[in-house]
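What follows is each chain in one-letter form.
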Amino acid sequence: MINFNYELDFTLKDPDKYIAWINRICDSEDAVIKELNYIFCDDDYLLGINQKYLKHDSYTDIITFDYTENEFVSGDIYISIERVAENSLTYAVSLENELLRVMAHGILHLLGFKDKGASDIAIMRKKEEEKINLFHVEQR
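**What to know about the overall build of the protein**
Point 1. In terms of helices and strands, the protein carries 5 helices and 4 strands.
Point 2. In the protein, the succession of α and β elements from N to C terminus is β-α-β-α-β-β-α-α-α.
Point 3. By the compact-globule yardstick of 14 Å for 140 residues, the protein fits well, its C-alpha radius of gyration being 14 Å.
Point 4. Considered along the principal axes of its C-alpha atoms, the protein spans approximately 40 × 30 × 30 Å.
Point 5. The buried share of the protein, taken over its 140 residues, is 42%.
Point 6. Sequence-distant contacts in the protein: of pairs separated by 6 or more residues, those separated by 24 or more amount to 62%.
Point 7. If you sum the accessible surface of the protein, you get close to 8000 Å²; carbon and sulfur atoms cover 49% of it.

Now the structure itself:
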């Protein structure tokens, strides 16, 4: 089950397309989704989550809470649309592309990928691009 929740004036266009894409990501890594919740919010909302649960006093684009057991992917993925929009300008990419990157990033964490060291970051970036490309795959 994949759920999209909105804590601001934003909604995904064609959420079924995103659901199919998220399922393709998990299929490509031999994982099965049990329950995945995306919560789209603003900077202040995500800052509050960051302060309360992670004891960090900084803005971020994504926070992922992992409830995965074995191959059954479960988690809550909080995404600041304000950070995503700012990052899209910083990195000169479309808002859609940056949103896909961050959404994939959250799933990749749930699948066990890390991004703390240089080699982990390089693997994560490669996987993000691979998963973004799956969004544009036409289903038959």
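**Some details on the packing of aromatic side chains**
Point 1. If you walk through the whole model with that rule in mind, you get 12 aromatic pairs.
Point 2. When the ring of Tyr18 is compared with that of Trp21, the centres are 6.5 Å apart and the planes differ by 85°; the resulting orientation is edge-to-face. Here Tyr18 and its partner Trp21 are both found in helix α1 (residues 15–28), 3 residues apart, which amounts to about one turn of the helix. Of the two residues, Tyr18 and Trp21, both sit in the buried class.
Point 3. Summarising the aromatic geometry, the rings of Trp21 and Phe135 are spaced 5.5 Å apart at their centres and angled 85° between planes, so their arrangement reads as edge-to-face. Placement of Trp21 in helix α1 and of Phe135 in helix α5 (residues 118–135) is noted, with a sequence separation of 114 residues between them.

The rules behind the values
- Residues numbered from 1 in each chain as written.
- Predicted model: local features only at pLDDT ≥ 70, side-chain atom pairs only at ≥ 80, totals over all residues.
- Heavy atoms only, no water.
- Helix = DSSP H or I, 4+ residues; strand = E, 2+ residues; numbered from the N terminus.
- Rg over C-alpha atoms; globule rule 2.2 N^0.38 Å.
- Buried < 20%, exposed > 50% of the residue type's maximum accessible area, 1.4 Å probe, protein only.
- Contact = heavy atoms within 4.5 Å.
- Areas by Shrake-Rupley, 256 points an atom, 1.4 Å probe, with all protein chains shown as cover.
- Phe/Tyr/Trp six-rings, centres within 6.5 Å; stacked < 30°, edge-to-face > 60°.

Worth remembering: the numbers are spatial, not functional.
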